[in-house]
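Next come the chains, spelled out residue by residue.
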Amino acid sequence: MKKVVVGLSGGVDSSVAAAILHNQGYDVIGLTLWLMKGKGQCCSEGMIDAASICEQLGVPHEVVDMRDVFQANIVDYLVSGYSVGITPLPCSQCNKTVKFAPMVEYARETLGSDRIATGHYARITYDETSGRYQLLRAVDRNKDQSYFLYDLSQDILGSSIFPLGELNKSDTRRIATEYGLTTADKPESQDLCLVESNGSMRAFLDKYLAPKPGDIVDTTGKVLGQHDGVHHYTIGQRKGLGIAAAEPLYVIELDAVNNKVVVGDRTKGTESECTVNRVNWVSIAEPATPIRAEVQIRYRSKPVPVTVIPLESDRVRLVFEEPQFSITPGQAAVWYQGDKVLGGGIIEQF
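Quick caveat, the model's predicted, so the values are computed rather than measured.

Caption draft 1: Geometry of the overall build of the chain. If you tally the helices and strands in the chain, you get eight helices and 17 strands. Expected size for 350 residues packed as a compact globule is a radius of gyration near 20 Å; at 21 Å, the chain falls within 12% of this value. Evaluated residue by residue, the chain yields a buried proportion of 53% over its 350 residues. Put simply, 64% of the contacts in the chain that link residues at least 6 apart link residues at least 24 apart. Just so you have it, the chain exposes about 15,700 Å², and 49% of that area is on carbon and sulfur atoms. Side-chain charges of the chain comprise 35 positive and 43 negative groups, with the mean position of each set lying 3 Å from the other.

This is the structure we're talking about:
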């Protein structure tokens with residue numbers, strides 16, 4: 001039997017991934033990364049459910065303490081970003097630095113396995129012509145998580161299995177019920193793990209960043225209201241501004257240097273291009289010339305036509321066919337051709 005280390009968060013998706021591989025004859029070892037204390041998946045509650053699944057399947061269960069790594073790579077990363085007026089995306093950062101790379105290393109060096117698996121909704125294929133592993137969208141577009149996986153290396157993709165990539169979420173629930181898994185009816189995780197654990201992003205940030213009152217202004221500099229910290233706002237935000245206006249106003253800039261939140265109408269929050277850094281080319285090698293693709297500038301945003309122009313130092317310029325609203329520094333931009341993830345990176349400040 002081929003040995004595979006399955007990352008178990010304690011949720012139904014990873015549970016079904018482990019059960020499918022076990023049923024296919026793999027020698028499964030469950031691995032849970034302890035990321036932080038508190039409620040929710042990846043925490044103490046998740047570890048208990050993961051252990052229960054391993055006991056039910058009759059497979060070993062390992063727990064690795066990753067709290068210091070999570071603190072340095074995710075918590076400190078988020079706090080640092082919000083403090084200077086950007087809105088970091090923790091999930092892709094977490095997948096690369098906290099989950100996949102450490103899992104592959106632990107599987108190889110400690111558990112004697114060259115394969116890992118997770119419950120992510122995405123697919124991996126191998127292209128003989130280019131000699132590269134390719135990351136594809138999941139069959140279930142509503143659950144597709146390829147956006148969060150753009151930063152994985154060729155080595156990690158070649159070592160990974162995504163058993164749920166060809167399934168719909170309803171299939172996953174059905175399989176969990178058929179196997180009688182203890183997590184079959186577990187509610188879906190609805191938010192970031194830090195939000196689940198702390199109650200809200202505001203509550204999480206308030207543990208690390210002190211209130212810093214300042215002005216909410218329009219694009220002319222006119223003071224319209226007050227805020228208690230730019231870290232409580234994000235580009236494109238409309239609700240919760242506490243401003244009465246004749247037309248809807250949106251956050252269009254976070255000026256952390258001058259401690260101002262700048263608001264304006266929707267037209268003032270659109271851009272025809274942006275630059276992206278920390279680029280990782282996934283399914284193809286870095287091109288020497290511009291390419292046409294479709295890009296998502298947020299996880300739930302609609303893919304839109306774009307020209308991707310390679311720059312120096314792992315950067316690209318994205319030129320949109322039509323101006324886009326709410327382009328947010330710190331978030332990921334991920335570009336595709338069909339279902340294939342070509343590459344992605346982090347949106348720079350304008």
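Caption draft 2: View of the sheet that holds strand β2 (residues 27–34). If you walk across this open sheet you meet the five strands as β3-β2-β1-β4-β7, and the pairing is parallel. This sheet does not close on itself; its edge strands, each paired only once, are β3 (61–65) and β7 (160–161). One ladder, built from five bridges, connects β2 with β3; its direction is parallel. Paired with L31 across the two strands is E62, which belongs to β3. Each of β1 (3–7), β2, β4 (116–117) and β7 touches helix α1 (residues 12–23); the most contacted strand, β1, lies at about 165° to it.

Caption draft 3: Inspection of the packing of α1 against helix α6 (residues 169–178) at higher detail. Their axes nearest at 10 Å, the elements α1 and α6 cross at an angle of 65°. Relative to α6, the crossing made by α1 is left-handed. Listed contacts from α6 to V12, D13, V16 and I20 of α1 are K169, T172, R173, I175 and A176.

Caption draft 4: The arrangement of the environment of R292 in detail. For R292, the location among the structural elements is in strand β13 (residues 291–296). Sequence separation between R292 and Q337 is 45 residues, and the spatial gap between their C-alpha atoms is 8.2 Å. Setting aside chain neighbours within four positions, we find R292 in contact with P305, V306, T307, E321 and Q337. A polar contact is formed between the side chain of R292 and the side chain of T307, at a distance of 3.0 Å.

Caption draft 5: Spatial organisation of the UniProt feature "binding site: ATP" (unreviewed entry) in the chain. In the UniProt entry, the feature "binding site: ATP" (unreviewed entry) is given for G7, L8, S9, G10, G11, V12, D13, S14, L33 and G119. Position of S14 relative to the elements: it lies in helix α1. For L33, the location among the structural elements is in strand β2. Given the relative accessible area of 10%, L33 is considered buried.

Cut-offs used in this document
Residues numbered from 1 in each chain as written. Predicted model: local features only at pLDDT ≥ 70, side-chain atom pairs only at ≥ 80, totals over all residues. Heavy atoms only, no water. Helix = DSSP H or I, 4+ residues; strand = E, 2+ residues; numbered from the N terminus. Rg over C-alpha atoms; globule rule 2.2 N^0.38 Å. Buried < 20%, exposed > 50% of the residue type's maximum accessible area, 1.4 Å probe, protein only. Contact = heavy atoms within 4.5 Å. Areas by Shrake-Rupley, 256 points an atom, 1.4 Å probe, with all protein chains shown as cover. Lys, Arg positive; Asp, Glu negative; His and termini not counted. Charge placed at Lys NZ, Arg CZ, Asp CG, Glu CD. Pairing = 2+ DSSP bridges. Axes fitted to C-alpha atoms, helices over the stretch in contact; angles between N-to-C directions. Left-handed = near helix turned anticlockwise from the far one by under 90°. Polar contact = N/O pair within 3.5 Å; in protein donor to acceptor, adjacent residues only side chain to side chain. UniProt positions renumbered as here; feature names shortened; annotations may be inferred.

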